[in-house]
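Architecture at a glance
The lines below spell out each chain.
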Amino acid sequence: MESTLAAPTPGGIAASLTLTNLTRLFGLWLAYRVLLYIYNISPFHPLYRFPGPKLAAMSFWYEAWYDFFQMGRYTHEIQRMHEKYGPIVRINPEELHCNDPAFIDEIYPSVGNRIRDRHAHFLKALAGALEKSTFGTRDHETHRARRAAVSRFFSRQQMLRLEPEVHELAQKLCDKLLLWAGKGPIQIIHPFNCFTADTISQYAYGEKLGFLDQDDWLPNFKAAYEAFSETVYLFRFIPLLRGLVSVSPYLSDYMGDDIALWMRQMNVTIPGYIRKAQQDHAKGRIFTELLESSLPDSEKSIFRLSGEGISLMSAGTETTAELEGENPRALSWVALEKHPYLYGVIWEGIRLSYGVSTRLARIPREEQLRYEKDGYQYIIPKGTPIGMSSYISHHDENIFPNSHEFVPERWINDKGLKNTTLEHYILSFSKGSRQCAGMNLALCELFLVTAALALRVVPRMELYETTLDDIKYDHETMTPKIKKGSQGVRVVVT
């Protein structure tokens, strides 16, 4: 019996793609989009009751206008929404934003049985191996397993064991800065980047990147990260372009030096470190133990662990008078923490540097959240992404009066002791079950390097042609950025 299914004729598909049919397909797609936009602002949508601009609720184009076309300015617009509409606003068809610090523990609970997933829209900004990192993990269960494997390496006890190495590198940074006397201005971000990159690479791979050993401060990881971070909105709003990352090793010769350096780190250098850890378990440190852990084999692939490595490098390099009597060459993190004013300087610096300044939405998969305060009453449906932004929260005048001023004294109470209660309102390291695993490493670095610089280098250091505009938040590409054209904080060493 002959089959009744006719074989496709050569050119049949191509022949069907006539101008008329293409026009019909486009018309159907356009009708679908229009109906979707109408649904998004209709009473049938579960977020209909939440206030905010109708254009923002209708489509992602409103967000794209501020973040993609104006480059990272949607947080400013979200702040204006809160001023107009209140503590919870709808910022796109799927997502809510909150600016009430009293709701932090609901959005970012530390209790493991309160499930919080990441928003897929946020994760579209990541590409390549980063998608497989702990930071790039969407579902709660996989994130919990991955974080458990990594976080033990960053416990406070583990950081106290690592402290001598951090101290040695802090001294090396001071030595190099003092040798720079009379050589002209330095963009201070570069020495700090060299220090933090060498610290995390030595700990993660057992081998420094060697940025503090080179004669100059460049190259370092900062410029490479900056170049890559410029792509986050491109990937988020044109996700098809994320596929280009997989072919980037073949295109590196045609890229700028900075982005080529990032791609080399992601595709060659870090995978190379992980291969060394596979071959010689004495050298890999963090990654050696990950390879020997009980994680399933799929979690130990070079590609997956490379994503973890690039995430550690990015986080480790982007986000970080009472000392009389301290020996600048024999500093102790534990001892330094006891100085209230130093504690205030460091936490005030953390507050005004914001960490990841963009909103970090969480999805309460299995529970509704209830908000009731000052006449506002909302039931946030389960499965709805809701987040907060460090830039907005850190300028809450009720918590931080004169919030745009650097005031270390706000971290000291009336008895002259550390005012640790304010730490609860700091989102630089995020909060809850997805809080940055490297927070203790960052604090160890900050206390040791700040004290070493204050005692050894700052007395011989002067600001060079630097104004408030050179340190002021202007826009963001996940992390905060100053205005374009600014050279940031520059100093000279005398």
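My aim in this report is to walk through the structure given alongside it, one point at a time.

Quick notes on the rules
- Residues numbered from 1 in each chain as written.
- Predicted model: local features only at pLDDT ≥ 70, side-chain atom pairs only at ≥ 80, totals over all residues.
- Heavy atoms only, no water.
- Patch = residues over 30% accessible without salt bridge, like charges linked within 9 Å, V, L, I, M, F, W, Y side chains within 5 Å.
- Areas by Shrake-Rupley, 256 points an atom, 1.4 Å probe, with all protein chains shown as cover.
- Salt bridge = Lys/Arg side-chain N within 4 Å of Asp/Glu carboxyl O.
- Buried < 20%, exposed > 50% of the residue type's maximum accessible area, 1.4 Å probe, protein only.
- Phe/Tyr/Trp six-rings, centres within 6.5 Å; stacked < 30°, edge-to-face > 60°.
- Helix = DSSP H or I, 4+ residues; strand = E, 2+ residues; numbered from the N terminus.
- Polar contact = N/O pair within 3.5 Å; in protein donor to acceptor, adjacent residues only side chain to side chain.
- Pairing = 2+ DSSP bridges.
- 1 Å grid on protein atoms, 1.4 Å probe; cavity = no way out; pocket = protein on both sides within 12 Å on 5 of 7 lines; lining within 4 Å.
- Points joined across faces, edges and corners; volume = space filled by probe spheres on them.
- Nonpolar A, V, L, I, M, F, W, Y, C, P; charged D, E, K, R; others polar.
- Contact = heavy atoms within 4.5 Å.

Examining a nonpolar patch on the surface
- On the surface, Phe26, Trp29, Leu30, Tyr32, Val34, Leu35 and Ile38 cluster together to form a nonpolar patch covering roughly 740 Å² of accessible area.
- By relative accessible area, which is 46% here, Trp29 ends up partly exposed.

Digging into the packing of aromatic side chains
- Applying the stated criterion to the full structure yields 20 aromatic pairs.
- When the centroid spacing of 6.2 Å and the interplanar angle of 75° are considered together, the rings of Tyr62 and Tyr74 count as edge-to-face. With Tyr62 in helix α4 (residues 61-69) and Tyr74 in helix α5 (residues 74-85), the pair connects residues that are twelve residues apart, well separated along the chain. With respect to class, Tyr62 is no different from Tyr74; both count as buried.

Details of helix α11 (residues 221-229)
- With seven of nine residues buried, α11 lies mostly within the body of the structure.
- Phe221, Lys222, Ala224, Tyr225, Glu226, Phe228 and Ser229 are the residues of α11 that are buried.
- The opening residue of α11, the one whose side-chain oxygen lies 2.8 Å from the backbone nitrogen of Lys222, is Asn220.

Examining the sheet that holds strand β4 (residues 186-187)
- Strand order in this open sheet of three strands is β4-β12-β9, and the pairing throughout is antiparallel. Whereas interior strands pair on both sides, the edge strands pair on one side only; in this sheet they are β4 and β9 (461-463).
- Pairing analysis gives three bridges linking β9 to strand β12 (residues 490-493), with the strands arranged antiparallel. Residue pairing in the sheet places Leu463 in a bridge with Val491 of β12.

Some remarks on the layout of surface pockets
- Within this model, the second largest pocket holds a volume of roughly 500 Å³.
- Looking at the second largest pocket, it is lined by 22 residues, and the ones nearest its centre are Arg33, Tyr37, Phe60, Trp61 and Phe237.
- Counting only elements with at least two residues in the lining of the second largest pocket, the list comes to α2 (19-40), α4, α7 (120-123) and α12 (232-237).
- Counting residues per element, the lining of the second largest pocket draws most heavily on α2, at six residues.
- Class assignment of the residues belonging to the lining of the second largest pocket gives a composition of 15 nonpolar, three polar and four charged.

Quick look at the side chain of Gln171
- You can see Gln171 is positioned in helix α9 (residues 156-179).
- In this structure the side chain of Gln171 is engaged in a polar contact, spanning 2.6 Å, whose partner is the backbone oxygen of Pro328.
- If we ignore the near neighbours within four places in the chain, the residues touching Gln171 are Pro328, Arg329, Leu331, Ala452 and Arg456.

Concerning the pairing of strand β7 (residues 376-380)
- As defined by bridge partners, strand β6 (residues 369-373) adjoins β7 across five bridges and the pair is classed as antiparallel. Looking across to β7, one finds that Glu372 is bridged to Gln377.

Considering the pattern of salt bridges
- Evaluated as defined, the whole model comprises 21 salt bridges.
- In this structure, Arg359 and Glu95 form a salt bridge, with 2.7 Å as the shortest nitrogen-oxygen distance.
- By relative accessible area, Glu95 is classed as buried at 2%.
- Of the charged contacts in the structure, one is a salt bridge between Glu348 and Arg410, with a shortest N-O distance of 3.0 Å. Note that Glu348 is positioned in helix α18 (residues 340-353) and Arg410 in the loop between α19 (390-393) and α20 (439-456), a separation of 62 residues in sequence. Across the pair, exposure class does not vary: Glu348 and Arg410 are buried alike.

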